[in-house]
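Geometric and topological summary
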Amino acid sequence: MKTQTINKNQEVAEKTQNIAGSEAVVRSLIAEGVDIIYGYPGGAIMPVYDELFKYQDKIHHVLTRHEQGAAHAAQGYARISGKVGVAMATSGPGATNLITGIADAQIDSTPLVCITGQVFSHLLGSDAFQETDIVGISTPVTKWNCQVTKAEDIPGAIAKAFYIAKSGRPGPVLVDITKDAQVSNLDFIYKKCTGIRSYNPVPKTSQESVNAAAKLINNAKKPMIVWGQGVILGQAEDELKAVIEKAGIPSAWTILGASALPTSHPLNIGMVGMHGNYAPNKLTNECDVLIAIGMRFDDRVTGRLDAYAKQAKIIHFDIDPAEIDKNVKTDVAVLGDSKESLAMLLDALDNNSHESWLQEFKDLYAIEFEKVIKGDISPTKEGLTMGEVIKQINIESKGKAAIVSDVGQHQMIACRYAEFNVSKSNITSGGLGTMGFALPAAIGAKMAAPEREVVAVIGDGGYQMNIQELGTIFQQKAAVKIVVLNNEFLGMVRQWQQLFFDKRYASTEMTNPNFVAIAEGYYIKARKVTKREELAEAVKEMMDSKESYFLEVCVEKEDNVFPMIPSGAAVSDVRLS
């Protein structure tokens, strides 16, 4: 028996038990509060799976149909819950199949812990059956990784993994555990990691930098905020809203920042970026102070860097020092947790309003509405549009559904037209742009938040990347609503081919299967819509369903997504057609 002192008034006795490394893995996960794991078993991870079988009352394992599906499902779980998602796979191809999801999580700052089995340590480097150097392979796309070859190192490695994954700017970690470490015994005791020497995940916010930012904002005539996912990760939605309202600043969002402020808020001016709204893109190059909050100045947001907001003073709030001055030179950098730094900023701000400046955004929105939006959501042409499908989902969900999307035209339409009235409602693959993300991510999101309506909006191309996860939906009885917007093309690539490659549609036209029959083969209720008069009733039927539901909507084959900033152009060169 050993005693660990917690504080002066409390002591807790912890028994040291001699157990196998495989059981130590499971008990470590339980100690971290893990309730769901997404994974796929195999030889090198089989001892851990044997222990999971014994602990079914504490951890629910979800058998996905592909390891990539496991990683994306864990991402969806993490994105909607704010907790760490967990994925597990065997060695070799099982581990490498996780890599796309891990890379997606890295660039989108999603906290994941991935556990992989590995061959016996004496076989490392011998090209043994199903051996890959997963630590070497995953190093560029993880926040941290390690290989465990001794059973006694398992608890510490997992504790460190969870701490690193969720602290500061979140991200994915990978723990690779050799089979001999799993089957050997150790004296088990688990201590959560609360700090690591030389690792400072949350920089202390400087009052001087906050005061300098506030001075620029208070004196600005045309200030503009662009916020990103850092606000959501920092749980700073209330602070953002308070800052925006006190200073009266028109505020735009990146796609991963969507839903931090309700769509209907009068100072929400829409989305920035390649297919963002006309006004915030255009007026980025007319504001006098640009306040970036929890965003990284991605190239899809900035367009040409040498023509991005050159007239403006730049204020950058971020938790990650590496993002400061990486792409855009800042005048004032405010490091730290967004919840704390925005609260400090709020105290230093003057009450203000910028009505004439806000009116400029409204005037440009009116132009965009007439030239683009009206035709997208209330079309007069015969064929269905993606926008009117999203509009119908809004009517049924009242903006409270979580929308999960892949990458492509459907993603841009969903981000542009979905109503987000609840935070953590836009779950999409941002930086990596991963086709195949949406279906498994929707499973993870629904299992993490069963009380929420989760709608996967997917293109016909991306849907077929991980269509096998319909089996996971069926087996888990996950009430995911699946909407495939079928234009029989890889739509976004086709749009670029139309605009920039003289309509040479090279390898982008899709000959699709009977999607309804496939869904029904997985015992999922399914329906296909080809006519406008069928749409409203079909969407209502889907949303009213208490079980999973598949809806295929056949949309115009050659519709394009506008506005659009052409590749290599400035944000102010945004096109409406």
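Conventions used here
- Residues numbered from 1 in each chain as written.
- Predicted model: local features only at pLDDT ≥ 70, side-chain atom pairs only at ≥ 80, totals over all residues.
- Heavy atoms only, no water.
- Helix = DSSP H or I, 4+ residues; strand = E, 2+ residues; numbered from the N terminus.
- Rg over C-alpha atoms; globule rule 2.2 N^0.38 Å.
- Buried < 20%, exposed > 50% of the residue type's maximum accessible area, 1.4 Å probe, protein only.
- Areas by Shrake-Rupley, 256 points an atom, 1.4 Å probe, with all protein chains shown as cover.
- Lys, Arg positive; Asp, Glu negative; His and termini not counted.
- Charge placed at Lys NZ, Arg CZ, Asp CG, Glu CD.
- Salt bridge = Lys/Arg side-chain N within 4 Å of Asp/Glu carboxyl O.
- Pairing = 2+ DSSP bridges.
- Axes fitted to C-alpha atoms, helices over the stretch in contact; angles between N-to-C directions.
- Domains from an automatic or database assignment.
- Contact = heavy atoms within 4.5 Å.
- Buried area = accessible area lost by both parts, 1.4 Å probe.
- Polar contact = N/O pair within 3.5 Å; in protein donor to acceptor, adjacent residues only side chain to side chain.
- 1 Å grid on protein atoms, 1.4 Å probe; cavity = no way out; pocket = protein on both sides within 12 Å on 5 of 7 lines; lining within 4 Å.
- Points joined across faces, edges and corners; volume = space filled by probe spheres on them.
- Nonpolar A, V, L, I, M, F, W, Y, C, P; charged D, E, K, R; others polar.
- pLDDT = per-residue confidence, 0-100.
- Core = buried A, V, L, I, M, F, W, Y, C linked by side-chain atoms within 4.5 Å.

1. Here we look at the overall build of the protein chain
The helix and strand tally for the protein chain stands at 23 helices and 22 strands. Relative to a compact globule of 577 residues, whose C-alpha radius of gyration would be 25 Å, the protein chain shows 25 Å and is just as compact. Seen through its C-alpha atoms, the protein chain measures out along the principal axes to roughly 70 × 60 × 45 Å. Relative to its 577 residues, the protein chain shows a buried fraction of 59%. When the accessible surface of the protein chain is split by element, carbon and sulfur atoms take 50% of a total near 23,200 Å². Within the protein chain, the 68 negative side-chain charges are centred at a point lying 3 Å from the centre of the 58 positive side-chain charges.

2. Some remarks on the pattern of salt bridges
Across all of its chains, the model carries 26 salt bridges by this definition. The shortest N-O distance in the salt bridge between Asp-325 and Lys-329 comes to 3.7 Å. Residue Lys-329 is classed as exposed on the basis of its relative accessible area, which comes to 62%. In this structure, Arg-416 engages Glu-368 in a salt bridge whose closest nitrogen and oxygen atoms are separated by 2.7 Å. Taken together, the positions of Arg-416 in helix α17 (residues 409-417) and Glu-368 in helix α15 (residues 355-377) put the pair 48 residues apart, joining distant regions of the chain. Comparing Arg-416 with Glu-368 shows no difference in burial state: the two are buried. The structure contains a network of salt bridges with shared partners spanning Arg-169, Asp-320, Glu-323 and Lys-326.

3. Points about unusual backbone geometry
In this chain, Phe-562 is followed by Pro-563 through a cis amide linkage whose omega measures 0 degrees. Among the structural elements, Pro-563 can be located in the segment after β22 (549-554). Positioned with a positive phi, Asp-127 is a non-glycine residue whose angle comes to about 60 degrees. Secondary-structure assignment places Asp-127 in the loop between β7 (112-118) and α6 (134-138). One non-glycine residue with positive phi stands out, namely Gln-235, at about 55 degrees. Structurally, the position occupied by Gln-235 is in the loop between α10 (230-233) and α11 (237-247). A relative accessible area of 54% places Gln-235 in the exposed class.

4. Some thoughts on the sheet that holds strand β5 (residues 60-63)
Strand order in the open sheet made by the six strands is β5-β4-β6-β7-β9-β8, with parallel pairing throughout. Strands at the two margins of the open sheet, each flanked by one partner only, are β5 and β8 (144-148). Within this sheet the neighbouring strands show an average axis-to-axis angle of 20 degrees, counted without direction. With five bridges connecting them, β8 and strand β9 (residues 172-178) associate as parallel partners. Paired with Gln-147 across the two strands is Asp-176, which belongs to β9.

5. Some thoughts on the domain arrangement of the protein chain
Domain annotation for the protein chain reports domain 1 (3-190), domain 2 (207-361) and domain 3 (382-554). On a C-alpha basis, the centres of domain 1 and domain 3 stand 31 Å from each other. In this assembly, 25 residues from domain 1 lie in contact with 29 residues from domain 3. Surface buried jointly by domain 1 and domain 3 totals about 2,000 Å² across both partners, of which 62% is contributed by carbon and sulfur atoms. For domain 1, the biggest contributors to the area lost against domain 3 are Arg-65, Arg-79 and Ile-80; these three give 35% of the whole. Scanning the region where domain 1 abuts domain 3 turns up zero salt bridges. In this assembly, domain 1 and domain 3 are joined by eleven residue pairs in polar contact (both at pLDDT 80 or more).

6. Describing the layout of surface pockets
As a volume, the second largest pocket reaches approximately 560 Å³. Lining of the second largest pocket is provided by 24 residues; of these, Thr-263, Asn-277, Tyr-365, Ile-373 and Arg-416 occupy positions nearest its centre. Secondary structure elements with two or more residues in the lining of the second largest pocket: β13 (268-271), α12 (278-284), α15, α16 (386-397) and α17. Top contributing element to the lining of the second largest pocket by residue count: α15, with seven residues. Each residue belonging to the lining of the second largest pocket can be placed in one class, and the counts come to 15 nonpolar, five polar and four charged. When residues of the lining of the second largest pocket are sorted by domain, at least three fall in each of domain 2 (207-361) and domain 3 (382-554).

7. Here we look at the confidence of the model for the protein chain
Detailed reading of the predicted coordinates is not advisable wherever pLDDT is low. When pLDDT is averaged along the protein chain, the result is 96, and 97% of the positions lie at 70 or above. Across residues 1-13, where pLDDT falls below 50, the model places 15 contacts with residues more than four positions away in sequence or in other chains.

8. Overview of the nonpolar core
Counting 97 residues, the largest nonpolar core has Leu-290 and Leu-345 as its most contacted members. With seven residues, α15 is the single largest residue contributor to this core. Of the domains in this structure, domain 2 (207-361) and domain 3 (382-554) are the two that each give at least three residues to this core. Residues within four places of Leu-345 in sequence aside, it is in contact with Val-210, Ala-213, Ala-214, Ile-217, Val-243 and Phe-317. Within the second largest apolar cluster, 51 residues are counted, among which are Ala-95, Leu-112, Ala-445 and Ala-519.

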